[in-house]
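If you want the building blocks of each chain, they are given just below.
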Amino acid sequence: GEPLLDLEPEERSHAGLFLSFQSPVEVPGVSNTDFLRMAYNAKLQASGGEELDPLEFYGFLMPKLEQLKMDPSFLQRNVNEGFS
């Protein structure tokens, strides 16, 4: 493994490490779908992969929601809306 303390925050995020807050702030106007797609595409781009357009990402994401038995309406909510 690589020591994460020597990495910049952006490099740590590409390695899969992130910070979560106890009481996250809602982000009006940014849906969970858009947020997840932008985060996934940033990770792809950092590893030299090709970004997914919105339709490709939706096709990639839906089986994962089904596998987790999550309500698809979650994707239309704004980031952190209704979380505590």
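The shown structure was predicted, so the numbers you read here are calculated from the model rather than taken from an experiment.

> Can you walk me through the confidence of the model for the protein chain in this structure?
Predicted coordinates in regions of low pLDDT should not be interpreted in detail. Of the residues in the protein chain, 99% reach a pLDDT of 70 or more, and the chain-wide mean stands at 89. When pLDDT is averaged over each element of the protein chain, helix H3 (residues 54–68) comes out on top at 96 and helix H1 (residues 9–14) at the bottom at 83.

> How do you make sense of H3 when you look at a structure like this?
Each α-helix winds once per 3.6 residues, and so residues spaced three or four apart point in a common direction. With 15 residues, H3 ought to run about 21 Å at 1.5 Å a step, and its terminal C-alpha atoms sit 21 Å apart, in line with that. Here H3 has its buried residues at Phe57, Leu61, Met62 and Leu65. In the core, the buried residues of H3 are packed alongside helix H2 (32–46). The N-terminus of H3 is capped by aspartate 53, whose side-chain oxygen sits 3.0 Å from the backbone nitrogen of leucine 55.

> Would you explain the layout of surface pockets in this entry?
It is the rolling of a water-molecule-sized probe over the atoms that shows where space remains empty. Its volume calculated, the largest pocket comes out at about 1,100 Å³. Lining of the largest pocket is provided by 29 residues; of these, Phe18, Leu19, Phe35, Leu36 and Ala39 occupy positions nearest its centre. By residue number, the principal contributor to the lining of the largest pocket is H2, which donates seven residues. Of the residues assigned to the lining of the largest pocket, the class counts are 20 nonpolar, seven polar and two charged.

Rules behind the numbers
Residues numbered from 1 in each chain as written. Predicted model: local features only at pLDDT ≥ 70, side-chain atom pairs only at ≥ 80, totals over all residues. Heavy atoms only, no water. pLDDT = per-residue confidence, 0-100. Helix = DSSP H or I, 4+ residues; strand = E, 2+ residues; numbered from the N terminus. Expected span 1.5 Å × (residues − 1). Buried < 20%, exposed > 50% of the residue type's maximum accessible area, 1.4 Å probe, protein only. Contact = heavy atoms within 4.5 Å. Polar contact = N/O pair within 3.5 Å; in protein donor to acceptor, adjacent residues only side chain to side chain. 1 Å grid on protein atoms, 1.4 Å probe; cavity = no way out; pocket = protein on both sides within 12 Å on 5 of 7 lines; lining within 4 Å. Points joined across faces, edges and corners; volume = space filled by probe spheres on them. Nonpolar A, V, L, I, M, F, W, Y, C, P; charged D, E, K, R; others polar.

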